[in-house]
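Tertiary structure, described
The lines below spell out each chain.
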Amino acid sequence: MDELAGRLMSMDPPAAEKRPCTLENFGAEIQYDHDIATTTMFEMLEEAGVELRLGATATAPRMRSNRIHAVDVFDRHGAQTVYPRMVIDCSGDGDISAKAGVPYDLGDASGNMMGVTLTFMMVGADVTRVFADPDPYFTAQAARGIADGRLHEDLGKLYLMRGFHPDTVFCNSVVIRGVDGTDPANVTRATQEGRRRCLQMADFLRSDIAGFETARMMYLGPTVGVRETRKLHGQYRITGADLAAGTKFPDGIVACDNPIDDVMRADVSMTHDAIVGAGDYYTIPFRALVPETIENLMFAGRILSADPTAFASVRGMPQCIAMGQACGTAAALAGADPAQTLDHAKLVAALQSQGLRGLGDEDLRGQ
Ligand SMILES: Cc1cc2nc3c(=O)[nH]c(=O)nc-3n(C[C@H](O)[C@H](O)[C@H](O)COP(=O)(O)OP(=O)(O)OC[C@H]3O[C@@H](n4cnc5c(N)ncnc54)[C@H](O)[C@@H]3O)c2cc1C
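Below: a short report on this structure. (Residues numbered from 1 in each chain as written. Predicted model: local features only at pLDDT ≥ 70, side-chain atom pairs only at ≥ 80, totals over all residues. Heavy atoms only, no water.)

Here we look at the sheet that holds strand E5 (residues 78-82)
Sheets are built from strands paired through backbone hydrogen bonds, the pairs being either parallel or antiparallel. Heads up, the condition is: Two strands pair if DSSP finds at least two bridges between them. Elements are defined by DSSP. Helices are runs of H or I of four residues or more, strands are runs of E of two residues or more, and each kind is numbered from the N terminus. Only the stretch in contact is used when a helix axis is fitted, and all axes are lines through C-alpha atoms; the angle between N-to-C directions ranges over 0 to 180 degrees.
Taken together, 3 strands build an open sheet; the order of strands is E3-E4-E5 and the sheet is antiparallel. Where the open sheet ends on each side, the last strands, each with one partner, are strand E3 (57-64) and E5. Here the strands of the sheet are splayed against their neighbours by 25° on average, with no regard to which way each runs.

Thoughts on the sheet that holds strand E11 (residues 216-218)
The line we're drawing: Working rule for contacts: check all heavy atoms of both residues, and any pair within 4.5 Å makes them a contact.
Strand order in the open sheet made by the 4 strands is E9-E10-E8-E11, with antiparallel pairing throughout. The two strands at the open ends of the sheet, each matched to only one other strand, are strand E9 (160-162) and E11. Neighbouring strand axes in the sheet, compared pairwise and without regard to direction, differ in orientation by 35° on average. Across 3 bridges, strand E8 (residues 116-123) lies against E11 in antiparallel orientation. Pairing of methionine 121 across the sheet is with methionine 218, part of E11. Along the sheet, helix H6 (residues 184-208) contacts E8, E9, strand E10 (168-176) and E11; its crossing angle with E10, the most-contacted strand, is approximately 135°.

Quick word on the side chain of aspartate 242
Stated precisely, the cut-off is as follows: Burial classification: accessible surface area is computed with a 1.4 Å probe over protein chains only, and a residue below 20% of its type maximum counts as buried, one above 50% as exposed, and the rest as partly exposed. Asp and Glu are treated as the negative residues and Lys and Arg as the positive ones, with His and the ends of the chain left uncounted. A carboxyl oxygen of Asp or Glu within 4 Å of a side-chain nitrogen of Lys or Arg is what we treat as a salt bridge. Nitrogen and oxygen atoms within 3.5 Å of one another constitute a polar contact, given that in protein one can donate a hydrogen and the other can accept it, and given that sequence-neighbouring residues count only through two side-chain atoms.
As for its placement among the helices and strands, aspartate 242 is situated in helix H7 (residues 240-244). For the buried aspartate 242, which has no salt bridge, the nearest side chain bearing the opposite charge is arginine 287, at an N-O separation of 7.9 Å. One polar contact links aspartate 242 to tyrosine 236, side chain to side chain, over a distance of 2.8 Å. A polar contact of 3.0 Å, which involves the side chain of aspartate 242, links it to the backbone nitrogen of threonine 239.

What to know about helix H10 (residues 344-353)
Along an α-helix, residues three or four apart share an orientation, since each turn contains 3.6 residues. Our working definition: Think of it as the arc spanned by the lines of direction from the helix axis to the C-beta atoms.
Within H10, burial applies to Leu347, Val348, Ala350 and Leu351. For H10, the angular spread of buried residues about the axis comes to 160°, placing them on one side. Away from the buried face of H10 by more than 90 degrees, exposed residues Ala345, Lys346 and Ser353 are located. The inward-facing, buried residues of H10 contact strand E13 (252-256) and helix H9 (317-334). For H10, the capping residue at the N-terminal end is aspartate 343, with a side-chain oxygen 3.0 Å from the backbone nitrogen of alanine 345. Glycine 355 sits one or two positions beyond H10 and adopts a positive phi of about 105°.

Observations concerning the packing of helix H1 (residues 2-9) against helix H2 (residues 34-47)
This is how it is decided: We call two directions roughly parallel when the angle between them is under 35 degrees, roughly antiparallel when it is over 145, roughly perpendicular when it lies between 65 and 115, and oblique otherwise. Crossing handedness is read from the near helix: turned anticlockwise from the far helix by less than a right angle, it gives a left-handed crossing, and turned clockwise, a right-handed one. Classes in brief: Ala, Val, Leu, Ile, Met, Phe, Trp, Tyr, Cys and Pro nonpolar; Asp, Glu, Lys and Arg charged; the others, Gly included, polar.
Here H1 crosses H2 at 120°, and the two axes come no closer than 10 Å. Relative to H2, H1 is oriented oblique. Considering how the two elements wind past one another, H1 and H2 form a crossing that is right-handed. The segment H1 lies against H2, with Glu3, Leu4, Arg7 and Leu8 engaging Ile36, Ala37, Thr40, Met41, Met44 and Glu47. Within the contact of H1 with H2, the residues separate by chemical class into 6 nonpolar, 1 polar and 3 charged.

A closer look at the pattern of salt bridges
This structure, assessed with the given rule, holds 26 salt bridges. With a closest N to O distance of 3.7 Å, glutamate 51 and arginine 53 form a salt bridge. We classify glutamate 51 as exposed; its relative accessible area is 65%. Of the charged contacts in the structure, one is a salt bridge between arginine 265 and glutamate 228, with a shortest N-O distance of 2.9 Å. Linking arginine 265 in the loop between strand E14 (260-263) and strand E15 (270-273) with glutamate 228 in the loop between E11 and strand E12 (230-232), this pair joins segments that are 37 residues apart in sequence. Comparing arginine 265 with glutamate 228, the two get one shared label, buried.

Considerations on the site of the ligand
Operational definition: Residues are labelled near a given molecule or strand when at least one of their non-hydrogen atoms is within 4 Å of it. Method for areas: the Shrake-Rupley scheme with a 1.4 Å probe, in which residue coverage is limited to the protein chains shown.
In the vicinity of the ligand there are 18 residues, among which Ala58, Ser91, Arg302, Arg315 and Met317 approach most closely. One of the backbone nitrogen or oxygen atoms of alanine 58 is found 2.9 Å away from a nitrogen atom of the ligand. Starting from 1000 Å² of accessible surface for the ligand in isolation, the protein chains cover 62%. Elements with a contribution of two residues or more to the shell around the ligand: E3 and H9. At 3 residues, H9 tops the list of elements feeding residues into the shell around the ligand. Partitioned by chemical class, the residues of the shell around the ligand number 7 nonpolar, 8 polar and 3 charged.

Observations regarding the environment of glutamate 43
By the element assignment, glutamate 43 lies in helix H2. Note: C-alpha distance between glutamate 43 and alanine 322 (279 residues apart in sequence) is 18 Å.

That's the geometry; what it means functionally is another story.
This is the structure we're talking about:
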């Protein structure tokens, strides 16, 4: 993440900026030009020699004892088979891991998953006037819109974020509840419902919030973003108690202090409660990315092994990226050996040599 942000910030003109987040308990946020960032990420993959297959879906694993012998893949050429040494499931939903037999939880103890969101940008806004109101959620204006039926009743908090470009505002507000992100029909329905609510909200912004009068909607997401589906069971399940204690695991692969970022699981509530004291942090253990029995499988990102509280903190993009980095590094170190027997000290040392901080004996508190 640091490497990506560094590349973007060092461009002329800079394509990213680090600034304080307006929401409580989040540290700095990195805003960037989406198109340049996407191109840069693909360039980084090209430089690393990664062979990409956009539009390919992994459909099923073929097991041989405790190993994934092959993975069936489908793209427009038809069905194909990949024979992997190691599988790293970074799919958010973990279809392949689940079909390989890794146990999982869907959502919280009652099966509630965080709401899904369709986002958009408002372009051509006068951001100084838009953000003259110190309330980051525009609650007074939103209440008016809901009361007279111009906004959906779940839009009591309009989270608007200053975009990277000076006249842009990112709208991360439209949340659709009760959607199972592993079901394509559910996601399709939620996306169309999201489009309706986003268009309604854009109209509302123009008519009711100073600074948006001549702005227009752009970059409406192609599909809703899914926050939470399966949480796979790993060798270790990271818990809210681990986080609250600021646990620094011997096999910690990334240091993190994200608040509990819970978005409309059982009801309309959203939280950003701090999980560690100011300046403290916890680490995510590598064992939360490794299943108990399947020898050539690891998982990175929001499908890691976590209880619902821990999940709400660990799911941020920088942590997900670091989990992928840890799994990639672990795969290289493991060779043909099982992921479960990897020497954790070697992995942590390798990640430290790549520049990751706050791992092993390095204590970042007070820095
Ligand atoms: C609306 C929204 C706003 C957010 N805002 C922030 C924020 O401001 N800051 C932050 O840090 N985090 C934010 N998050 C959280 C963060 O974006 C996610 O938790 C994180 O991106 C998850 O990354 P991932 O790689 O695990 O999964 P995903 O980003 O879900 O990526 C999984 C990928 O795998 C692909 N895939 C799935 N199944 C298969 C298959 N069978 N075969 C092939 N490909 C497959 C998917 O198409 C997808 O491209 C937000 C999330 C949402 C939904």
